[in-house]
Amino acid sequence: MDLPGKIAIMGGGSWATALAKIVLSTQDKINWYMRRDDQIQDFLQSGHNPSYLSAVEFDVERIHFYSDINKAIEDSDTLIFATPSPFLKQHLNKVRTSMRDKFIISAIKGIVPDENMLVADYFAEYYDVPIQNIAVIGGPCHAEEIALERLSYITLACPDVEKVKQISPVFQNHYLKNYCCQDVIGIEYASVLKNVYAIVAGICHGMKYGDNFLAVFICNAIEEMRNFLYAVHGLDRDITDSVYLGDLLVTAYSRFSRNRTFGTMIGKGYSVKTAQLEMEMIAEGYYGTKCIYEINEKYKVDMPILNTLYAILYERKSPVTEIRKLTKLFK
């Protein structure tokens, strides 16, 4: 496999737009799949994504747009998927062409709902993609800061680490650095859990808990993450690496974090449904909470933060009562 070959961005949201900006900083051209023809037409006319990161200007002569996912797959070698995890199946259900000989990169920080499967496992099981041809992107990297070209770091992981080392120059420029490893499973689960913990951080912020408490919360959250990752995939990893702790920190603290924003609304008294309706983008941690909760029924890791959020989001228990109980467990 000669990597990267022709690269396709699969998705039309903010993270997909940021990734397109990155790839076009190192490659001459890209393919770009978006579901909606009207979004593509507006993009071609204006020179920017009309719906997300609209301040980022693109040379549309260097982009081949597709609204047909099968055609985009057929014409590309490396497929970078950057859609919200709740919508992945909706897109892939339209796929009729083989992806077996493609290199898949998942930039999706979530679990496939209903299946409770990691994205890499989903591609391997349902689309017959060899696991050594599937990579993931993780790390503390908000799309909004990529748009502003603020220095950022990502981690690329693949079971065949030599393949992501071939790919890594695509994701390296004056504002982006990267690191390569093999921990696909750990990074995928960490990417879900950091969204879960960011919602709880937001709830606490909305309830006027201060920075002192949030620091203690993060310490307990990273320990809970470490215990879960070791239970599901006992790899010798450093939980303080940026792809684990760094991603948790930025998601829990940043004003760009939609999961923190979602949690803040709940902490201020919004119902779960009202907060969802007022959010302009998906808070993936809502879905990730249920997925991890159900997965943990098998592993039975002690996860009081996860259980607290599940009780608030899915059992409609009082945030005030549940967070107060949680604080008694911290040290």
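The following refers to the structure shown. (Residues numbered from 1 in each chain as written. Predicted model: local features only at pLDDT ≥ 70, side-chain atom pairs only at ≥ 80, totals over all residues. Heavy atoms only, no water.)

Details of the environment of Gly269
Within the secondary structure, Gly269 is located in the loop between α11 (258-267) and α12 (272-278). Between the C-alpha atoms of Gly269 and Pro319, which are 50 residues apart in sequence, the distance is 8.7 Å. (Helix = DSSP H or I, 4+ residues; strand = E, 2+ residues; numbered from the N terminus.)

Quick notes on the packing of helix α4 (residues 85-92) against helix α5 (residues 119-127)
To characterise two packed helices, one gives the angle between the axes of the helices and the distance between these axes. The contact between α4 and α5 brings their axes to 12 Å, and the two run at 20°. Viewed along their axes, α4 and α5 adopt a mutual orientation that is roughly parallel. The element α4 and its partner α5 pack so that their crossing is right-handed. In this structure, α4 uses Leu88, Lys89 and Leu92 to contact α5, whose residues at the interface are Val119, Tyr122, Phe123 and Tyr127. When its residues are assigned to classes, the contact of α4 with α5 shows six nonpolar, no polar and one charged. (Axes fitted to C-alpha atoms, helices over the stretch in contact; angles between N-to-C directions. Parallel < 35°, antiparallel > 145°, perpendicular 65-115°, else oblique. Left-handed = near helix turned anticlockwise from the far one by under 90°. Contact = heavy atoms within 4.5 Å. Nonpolar A, V, L, I, M, F, W, Y, C, P; charged D, E, K, R; others polar.)

Observations concerning the nonpolar core
Core analysis: the largest hydrophobic core is formed by 79 residues, its most contacted members being Phe81, Met99, Phe123, Tyr197, Phe217, Phe228 and Phe262. For Phe81, the contacting residues outside a window of four places in its chain are Met10, Leu88, Leu92, Met99, Ile104, Ile105, Ser106, Ala107, Ile108 and Phe123. (Core = buried A, V, L, I, M, F, W, Y, C linked by side-chain atoms within 4.5 Å. Buried < 20%, exposed > 50% of the residue type's maximum accessible area, 1.4 Å probe, protein only.)

Focus on the pairing of strand β1 (residues 7-10)
The two faces of β1 match: Ile7 and Ile9 on one face and Ala8 and Met10 on the other face are all buried. In the sheet, β1 pairs with strand β2 (residues 30-33) via three bridges, with the strands oriented parallel. Residue pairing in the sheet places Met10 in a bridge with Tyr33 of β2. (Pairing = 2+ DSSP bridges.)

Section: the side chain of Lys102
By secondary structure assignment, the location of Lys102 is in the loop between α4 and β5 (103-106). Here Lys102 is buried and forms no salt bridge, its nearest opposite-charge partner Asp101 lying at an N-O distance of 4.3 Å. Setting aside anything within four residues of it in sequence, one finds Lys102 in contact with Met1, Ile73, Glu74, Ser76, Asp77, Leu79, Val129 and Asn133. (Lys, Arg positive; Asp, Glu negative; His and termini not counted. Salt bridge = Lys/Arg side-chain N within 4 Å of Asp/Glu carboxyl O.)

Side note on the environment of Glu224
Tracing the backbone through its elements, the reader meets Glu224 in helix α9 (residues 211-232). C-alpha of Glu224 to C-alpha of Ile305: the two residues are 81 residues apart in sequence and 7.8 Å apart in space. With residues up to four places along the chain from it excluded, the contact list for Glu224 reads Tyr197, Asp302, Met303, Pro304, Ile305 and Leu306. Within the structure, the side chain of Glu224 is placed 3.0 Å from the side chain of Tyr197, a separation counted as a polar contact. A distance of 3.1 Å separates a polar atom in the side chain of Glu224 from the backbone nitrogen of Leu306. (Polar contact = N/O pair within 3.5 Å; in protein donor to acceptor, adjacent residues only side chain to side chain.)

Interpretation note: all reported values are geometric properties and have no functional meaning in isolation.
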